Amino acid sequence: MLVYRTFSELRKYLDQMVLLGKTIGFVPTMGVLHEGHISLVEKSKLLCDITVVSIFVNPKQFNMAEDLEKYPRMETEDIQKLKENYCDVVFIPSVEDVYPDGLKLPKVDLNGIDLVMEGKHRPGHFEGVVQVVGRFFDQIKPNKAFFGEKDFQQVSVIEQMVRTQKYAVEIVRCAIKREVSGLAMSSRNIRLSAEGWHKSVLISEQLIWAKENFGKMRIDQIKTAIEKTFNDDPSMVLEYFEIANEENLQAIQSTDVYARAFIAAELEGIRLIDNMAL
Ligand code: AMP
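Residues numbered from 1 in each chain as written. Predicted model: local features only at pLDDT ≥ 70, side-chain atom pairs only at ≥ 80, totals over all residues. Heavy atoms only, no water.

Sorry if this is basic, but what is going on with the site of the ligand here?
Every one of the 16 residues lining the ligand counts as a neighbour, but Met30, His37, Asp151, Lys177 and Met185 are closest to it. His37 places a side-chain nitrogen or oxygen 2.9 Å from an oxygen atom of the ligand. Measuring from a nitrogen atom of the ligand, one finds a backbone N or O atom of Lys177 at 2.9 Å. Coverage of the ligand by the protein amounts to 93% of the 490 Å² it exposes when considered alone. A majority-of-atoms criterion places the ligand in the largest cavity. Elements supplying a minimum of two residues to the shell around the ligand: β2 (24-29), α2 (35-47) and β5 (144-148). Sort the elements by how many residues they give to the shell around the ligand and α2 lands first, with three residues. Grouping the amino acids of the shell around the ligand by side-chain chemistry returns eight nonpolar, five polar and three charged. (Near = heavy atom within 4 Å. Polar contact = N/O pair within 3.5 Å; in protein donor to acceptor, adjacent residues only side chain to side chain. Areas by Shrake-Rupley, 256 points an atom, 1.4 Å probe, with all protein chains shown as cover. 1 Å grid on protein atoms, 1.4 Å probe; cavity = no way out; pocket = protein on both sides within 12 Å on 5 of 7 lines; lining within 4 Å. Sits in = over half its atoms within 2 Å of the grid points. Helix = DSSP H or I, 4+ residues; strand = E, 2+ residues; numbered from the N terminus. Nonpolar A, V, L, I, M, F, W, Y, C, P; charged D, E, K, R; others polar.)

Put into structure tokens, the structure is as follows:
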């Protein structure tokens, strides 16, 4: 497996591969890799000749300095995991290489997708996501890029960016990988205590409960019941629970074929998100 740390080294290699007619699959990550990330790598390997995984904790997508500081990092283990899973290239750039002085970052119209849920609760988050992914797309020019539905709103934002900025890349959505308990896998989970792991089950349990009751109860009743369940346990703070249209991510009040439930909660100071098709 090749390890590159600058865009110029990576580009030199990719230019050779493109000359040989190889297709490029790209998997952007922030590291501390788990089976969720590896499922994206596997999909890329299935659909593309060369798989490039980036590891970059993007400062621009953190709206709180403390969250960025506490974000876990495990570069050596990540490289080993990628090797074991036959990844072709890992790209670990510096902040200076991604955002050199004087770089002009485009403002992208996200059609309101960025104003609800994660966008509303983390101001500037999606602007940062669009900037880093746009920069990677400009430099790597992948044929396909792989994103997990764990961050469902993020994939919608990226698809919108690809449409408005006319990137020649196909976005491939990948299903959420979960722990046996139901908890959606996340790099942040390693910061949970044993008790936290136990408590975190509530998040996926509530999504399943919403799925079971969708169509049987009114949406506002489902929302109120879930909010009450969280309020009854002060160790977990519900940031939002929303039932939204999968296409435009706007909240819905009546049964919609493409409805999805979204949740964000804080447990032991760790922000956890999850979602489920209803
Ligand atoms: P992150 O390192 O958290 O920025 O995630 C990198 C990519 O992996 C994103 O496209 C995520 O949506 C995806 N991902 C993270 N966790 C999971 C999961 N549990 N299942 C599927 N994809 C995931």
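From this point, the discussion proceeds with the structure in view.
Hey, could you run me through the pattern of salt bridges in this one?
Oppositely charged side chains can form a pair if their charged atoms are brought close together. All chains considered together, the criterion is met by 18 salt bridges. When the shortest N-O distance is used, the salt bridge between Arg122 and Asp67 registers 3.7 Å. Highlighted residues: Arg122 in the loop between α6 (117-121) and α7 (125-140) and Asp67 in helix α3 (residues 65-70), separated in sequence by 55 residues. Each member of the pair Arg122 and Asp67 is classed as buried. Through salt bridges with shared partners, one network takes in Glu149, Glu159, Arg173, Glu246 and Arg260. (Salt bridge = Lys/Arg side-chain N within 4 Å of Asp/Glu carboxyl O. Buried < 20%, exposed > 50% of the residue type's maximum accessible area, 1.4 Å probe, protein only.)

Honestly, the environment of Glu179 in this entry has me stumped. Any pointers?
Assignment of secondary structure puts Glu179 in the loop between β6 (170-174) and α9 (194-213). Here Glu179 falls in the partly exposed class, since its relative accessible area comes to 25%. Leaving out residues up to four positions away in the same chain, Glu179 has contacts with Met185, Asn189 and Trp197. (Contact = heavy atoms within 4.5 Å.)

Teacher, can you tell me more about α7 here?
Side chains three or four residues apart in an α-helix point the same way, a direct result of the helix having 3.6 residues per turn. Spanning 16 residues, α7 covers 22 Å between terminal C-alpha atoms, matching the ideal 22 Å at 1.5 Å per step. Burial within α7 is extensive, with 13 of its 16 residues counted as buried. In the segment just after α7, Lys141 is the residue with positive phi, at about 50°. (Expected span 1.5 Å × (residues − 1).)

When you look at the sheet that holds strand β4 (residues 89-91) in this model, what are you seeing that I'm missing?
Sheet strands pair via backbone hydrogen bonds, and the direction of the pair is either parallel or antiparallel. The six strands lie next to each other as β1-β4-β3-β2-β5-β6, forming an open sheet whose pairing is parallel. Each having just a single partner strand, β1 (2-4) and β6 make up the two edges of the open sheet. Along the sheet, successive strands turn relative to each other by an average axial angle of 25°, direction set aside. Taken together, the two bridges between β2 and β5 define a ladder with parallel strand orientation. When the sheet's bridge partners are listed, Phe26 is paired in β5 with Ala145. Across the sheet, α7 touches β2, β3 (50-55), β4, β5 and β6, and the angle it forms with β2 is around 155°. Contacts from helix α8 (residues 152-165) reach β5 and β6, with the element oriented near 170° to β6. (Pairing = 2+ DSSP bridges. Axes fitted to C-alpha atoms, helices over the stretch in contact; angles between N-to-C directions.)

How should empty space enclosed by the protein be read in this particular structure?
If you roll a probe as big as a water molecule over the atoms, it shows you where there is empty space left. Enumeration over the complete set of coordinates arrives at two cavities of 30 Å³ or more. Each pocket or cavity is described by its volume, and for the largest cavity that value is around 880 Å³. Surrounding the largest cavity, 50 residues form its lining, Met30, Tyr71, Lys150, Asp151 and Gln154 being those nearest its centre. Looking at the lining of the largest cavity, the elements that each hand over two or more residues are β2, α2, α7, β5, α8, β8 (259-267) and β9 (270-277). Broken down by element, the lining of the largest cavity gets its largest block of residues, six residues, from α7. A per-class count over the lining of the largest cavity returns 26 nonpolar, 15 polar and nine charged. One number sums up the size of the second largest cavity: a volume of about 50 Å³. Lining the second largest cavity, in full, are Pro106, Val108, Val130, Gln131, Gly134, Arg135, Asp138, Met161, Gln165 and Tyr167. (Points joined across faces, edges and corners; volume = space filled by probe spheres on them.)

Mind showing me how you'd approach the packing of helix α1 (residues 7-19) against α7 here?
Packed helix pairs are characterised by how far apart their axes lie and by the angle those axes make with each other. It is at 10 Å that the axes of α1 and α7 come closest, and there the two elements cross at 45°. Considering their axes alone, α1 and α7 lie oblique with respect to each other. In this structure, α1 uses Phe7, Leu10, Arg11 and Leu14 to contact α7, whose residues at the interface are Arg135, Phe136, Gln139 and Ile140. The class makeup of the residues in the contact of α1 with α7 is five nonpolar, one polar and two charged. (Parallel < 35°, antiparallel > 145°, perpendicular 65-115°, else oblique.)

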